[in-house]
Amino acid sequence: MPHSAKLSTRHLLGIKGLSPEDIHLVLHWAAQFKEVINRPIKKVPSLRDITIANLFFENSTRTRLSFELAEKRLSADVINFAASNSSVKKGETLVDTVNNILAMKVDMIVMRHSEPGAAEFLSKHVDAHIVNAGDGTHEHPTQALLDAFSMTEKLGTLQGKRIVIVGDITHSRVALSNIYCLQKLGAEVAVCGPATLIPRHIYSLGVQVIPRLEDALEWADVANMLRVQHERMDRAYFPSIREYHMRYGVTMEKLRALDSIPLILHPGPINRGVEITSEVADSEHAIILDQVQNGVAVRMAVLYLLAAQGKNIA
Amino acid sequence: MKILLPHVLVMDPKSPHHGQTVDILLEDDAISAIGSNLDSSGAEVLESARGRLVSPGWIDGRARCGEPGHEERETYRSLAEAAAHGGFTHIAVMPSTSPVRDSRPHIESLQQSTSGYPVEFLGIGSVSKNLEGEQMSEMLDMLEGGAVAFSDDHASIRHPHLLQLALQYAADLPTHIQSFAFEKQLCPTGQAHEGPIALSQGLSPIPSLAESLRIQRDLMIHAYAGGHLHIAGLSTAEGVDAVRAAKAQGQQVSADVAIANLVGTEADIVGFDTTYKLLPPLRSTEDQEALWEGFMDGTIDLVVSDHHPMDTEAKDCEWGLAQFGAATIEQAFGWYRQVNPSHEALERWVDAVAHQARALYHLGDCEIKVGMPADLTLFALDGSAEGQYSKGVNVPTWTQNGRAVGTILGSQITGL
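Participant: Explain the confidence of the model for chain B to me, using residue names and the numbers behind them.
Facilitator: Looking at chain B as a whole, its pLDDT mean stands at 97, while 100% of the residues score no less than 70. Complex prediction metrics read pTM 0.95 and ipTM 0.91.

Put into structure tokens, the structure is as follows:
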């Protein structure tokens, strides 16, 4: 991978708009930055003089911390903004809010927002680079990139690998970004979950549906377990947590019955005893904490590559 | 006042002059002569009409005005100018204003405020007081005050008993009840047509079932209650099939389609352009084809603008926060022609907006014939509407292939 290679886009709005080369480029740099953050001195000066605003219009802990850490490891100047203590609550529009922040000479915006398309909307109205840190039920591209990076660390190339995404597909931004990302890397993707939480037109994405969890786990090289998004549901899409766990929760018992046990991922935060038991989450099959560490490296790669488009960066 | 339209091509399937190029003489707000080389002495000759097509004045069966309540989106004046620019001499306006047009004084106020305009406003009153879906509005009083029909617009008629009562109550009156067939309970957070595009954009889906389920309910209530039911804004193949079956059974049912659903599809929402966030939503190409088939075979009686002008704040924002609707009254004909430039479609357009609409609203006949009112639209089969009179910022950018050139309503002449 030549060091001069650049992304084909000036924003990271979603995985859908990326080329496979873009994804490989991010994964290549993520590996470099993972090495950096495991050094005794974890910081590099790559984004010195770059100011990044983290705008979180929706609650998030791990994504916000992960971005902030990635930015600081790259020596960027960082400001944080959360909707709960902002002028948004006073009726200010998104564009006005962001333009006010950009007036303070900010170079990049990392944004989490509850509305699908919010990042794309913003990218049409402001000059700064935009990184989508999750827009409603649409995309969460850095999560998909860190999932892909974590899988490749364990499995090598994802070409021809079978990956099943389990759980609430309808209300998940992780699912859509994962599907696009994994397919662009050559993997075969399936989904598994209650029919009430599988979008009707999921086949249009070239994804197969495996109704039974046991069959899905048998089929898969990797199982990506999604969190049940209670907060995005306007009513109960299944009768009870207990019944959900019975049908779609991964247990050691279900894993031991398989010919080969798939790698288990979870984007977090985990509902222990719902999607996955503690025993599985803490087992050698799960790489949940690897994902968290890789999240910082992948986000460093994304920020670095976007910033590199505008300036000469060391 | 005498006016001569020289050398115009009559496009009116009901007229004995259909397909002929003639001169038309207007006198005292009526057509006084039609023929070749008419004597123009004493008449004002409208040279800008020469070579254009002429039909009875077009009627927009369903449009919205911001006034009263949202004058920043559209005023009576701007809507009248936009409608005339689009070729319409009459527009039926929905009651979903603020306050709601739910009593006779509101209907009379509309008429007083718009008298003297080159476009006649037809007031549609609400079915229920304040669009709340509970108490019936005073429909008879509104009808005597000039209302032409009743609708709860997008608030829809949620309660089946209210629809039954409204149909029964209005059954012996020269009017009809409009129902916007949309079962919101099926998709309370719906943002776009349920299909591959909504899925790929993470938008909460509006299934076709939300329309067909409500149409089936409405048709069953109508079969029981009688009266005249008008299904407003068909958007799905299933909806067209249901109306076709009801008509075959002899039910007194009519239906319309919004121009946007004949022209656009779900593909238009790629990139989250909120101009194309509509209700009913833009649906699949299969739905679009079924709508055209239903329109051409008469299952769908009317095409309407479904004009819904918005201001910047209502549209230039995140998709989920943007209002539904597009400003469509000025370009409707050009878009229609671009999608289907056939002669049959042209005749069907005139049949729908000139004749079916007049029948629906009990406005009396209007044909290109001596003795008929001077109520005419002149138009061209090429070019596109230039400029914009609507205050709406939400005008789709579909390609146009045709435009209205001018209108004549009594002594009021626009565009010529």
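Resuming the write-up.
Participant: How would you summarise the layout of surface pockets if you had to cite specific residues and measurements?
Facilitator: In this model, the largest pocket occupies a volume close to 1,300 Å³. Lining the largest pocket are 48 residues, with T170 and Y237 of chain A together with T189, S204 and P205 of chain B positioned closest to its centre. Of all the secondary-structure elements, those providing two or more residues to the lining of the largest pocket are α6 (173–184) of chain A together with α5 (196–200) of chain B. Per-class residue counts for the lining of the largest pocket are 23 nonpolar, 18 polar and 7 charged. As a volume, the second largest pocket reaches approximately 820 Å³. Lining the second largest pocket are 37 residues, and of these H154, A155, L279, H308 and Q323 of chain B lie nearest its centre. Across the lining of the second largest pocket, the residue classes break down as 14 nonpolar, 14 polar and 9 charged.

Participant: Can you lay out the state of the cysteines for me, pointing to particular residues and giving the numbers?
Facilitator: In the structure shown here, the tally under the stated rule is 0 disulfides over all chains. Distance from the sulfur of C187 of chain B, which forms no disulfide, to the nearest cysteine sulfur (C317 of chain B) is 20 Å.

Participant: Could you give an account of the sheet that holds strand β6 (residues 188–192) of chain A, naming the residues involved and the relevant values?
Facilitator: All names here are of chain A. Strand order across the open sheet formed by 5 strands is β7-β6-β5-β8-β9, with parallel pairing between neighbours. Every other strand in the sheet has two partners, leaving β7 (208–209) and β9 (263–265) as the edge strands with one partner each. Pairing between strand β5 (residues 162–166) and strand β8 (residues 222–225): 4 bridges, direction parallel. Bridge assignment links V166 to a residue of β8, and that residue is M225.

Participant: With reference to specific residues and values, describe the pattern of salt bridges.
Facilitator: Residue and element names in this part refer to chain B. Throughout the structure, instances matching the rule amount to 32 salt bridges over all chains. Salt-bridge contacts for D141 lead to R104; the nearest nitrogen and oxygen are separated by 3.0 Å. In this pair, D141 sits in helix α3 (residues 139–144) while R104 sits in helix α2 (residues 104–114), placing the two residues 37 residues apart along the sequence. R104 sits in the partly exposed class, given a relative accessible area of 25%. With its nearest N and O atoms 4.0 Å apart, the salt bridge here joins R403 to D382. With R403 in strand β17 (residues 403–409) and D382 in the loop between β16 (375–380) and β17, this residue pair connects regions lying 21 residues apart in the sequence. On the basis of relative accessibility, which here comes to 44%, the residue D382 falls in the partly exposed class.

Participant: Give me the interface of chain A and chain B: which residues, what numbers.
Facilitator: At the interface, 22 residues of chain A touch 18 residues of chain B. Note on chain A versus chain B: buried area summed over both sides is about 1,600 Å², and carbon and sulfur give 59% of it. Contact with chain B buries area across many residues of chain A, yet E115, F121 and H201 of chain A alone supply 28% of it, more than any other trio. The interface formed by chain A and chain B includes 1 salt bridge. Residue E194 of chain B is joined to R200 of chain A by a salt bridge in which the shortest nitrogen-to-oxygen separation is 4.0 Å. Between the two partners, chain A and chain B, sit 8 residue pairs in polar contact (both at pLDDT 80 or more).

Participant: Provide a residue-level description of a negative patch on the surface, including the pertinent values.
Facilitator: Residues and elements named next belong to chain B. Judged by side-chain charge, E71, E72, E313 and D316 come together as a negatively charged surface patch. Here E313 lies in helix α10 (residues 312–315). Accessibility expressed as a relative area gives 61% for E313, which makes it exposed.

Participant: Could you give an account of the sheet that holds strand β4 (residues 129–135) of chain A, with specific residues and numbers?
Facilitator: All names here are of chain A. Strand order in the open sheet made by the 4 strands is β2-β1-β3-β4, with parallel pairing throughout. Edge positions in the sheet fall to β2 (77–82) and β4, since each of these pairs with one other strand and no more. Strand-to-strand twist in this sheet, taken as the mean axis angle between neighbours without regard to direction, amounts to 15°.

Reading guide: rules and limits
Residues numbered from 1 in each chain as written. Chains lettered and ligands numbered in written order. Predicted model: local features only at pLDDT ≥ 70, side-chain atom pairs only at ≥ 80, totals over all residues. Heavy atoms only, no water. pLDDT = per-residue confidence, 0-100. 1 Å grid on protein atoms, 1.4 Å probe; cavity = no way out; pocket = protein on both sides within 12 Å on 5 of 7 lines; lining within 4 Å. Points joined across faces, edges and corners; volume = space filled by probe spheres on them. Helix = DSSP H or I, 4+ residues; strand = E, 2+ residues; numbered from the N terminus. Nonpolar A, V, L, I, M, F, W, Y, C, P; charged D, E, K, R; others polar. Disulfide = S-S within 2.5 Å. Pairing = 2+ DSSP bridges. Salt bridge = Lys/Arg side-chain N within 4 Å of Asp/Glu carboxyl O. Buried < 20%, exposed > 50% of the residue type's maximum accessible area, 1.4 Å probe, protein only. Contact = heavy atoms within 4.5 Å. Buried area = accessible area lost by both parts, 1.4 Å probe. Polar contact = N/O pair within 3.5 Å; in protein donor to acceptor, adjacent residues only side chain to side chain. Patch = residues over 30% accessible without salt bridge, like charges linked within 9 Å, V, L, I, M, F, W, Y side chains within 5 Å. Areas by Shrake-Rupley, 256 points an atom, 1.4 Å probe, with all protein chains shown as cover. Lys, Arg positive; Asp, Glu negative; His and termini not counted. Charge placed at Lys NZ, Arg CZ, Asp CG, Glu CD. Axes fitted to C-alpha atoms, helices over the stretch in contact; angles between N-to-C directions.

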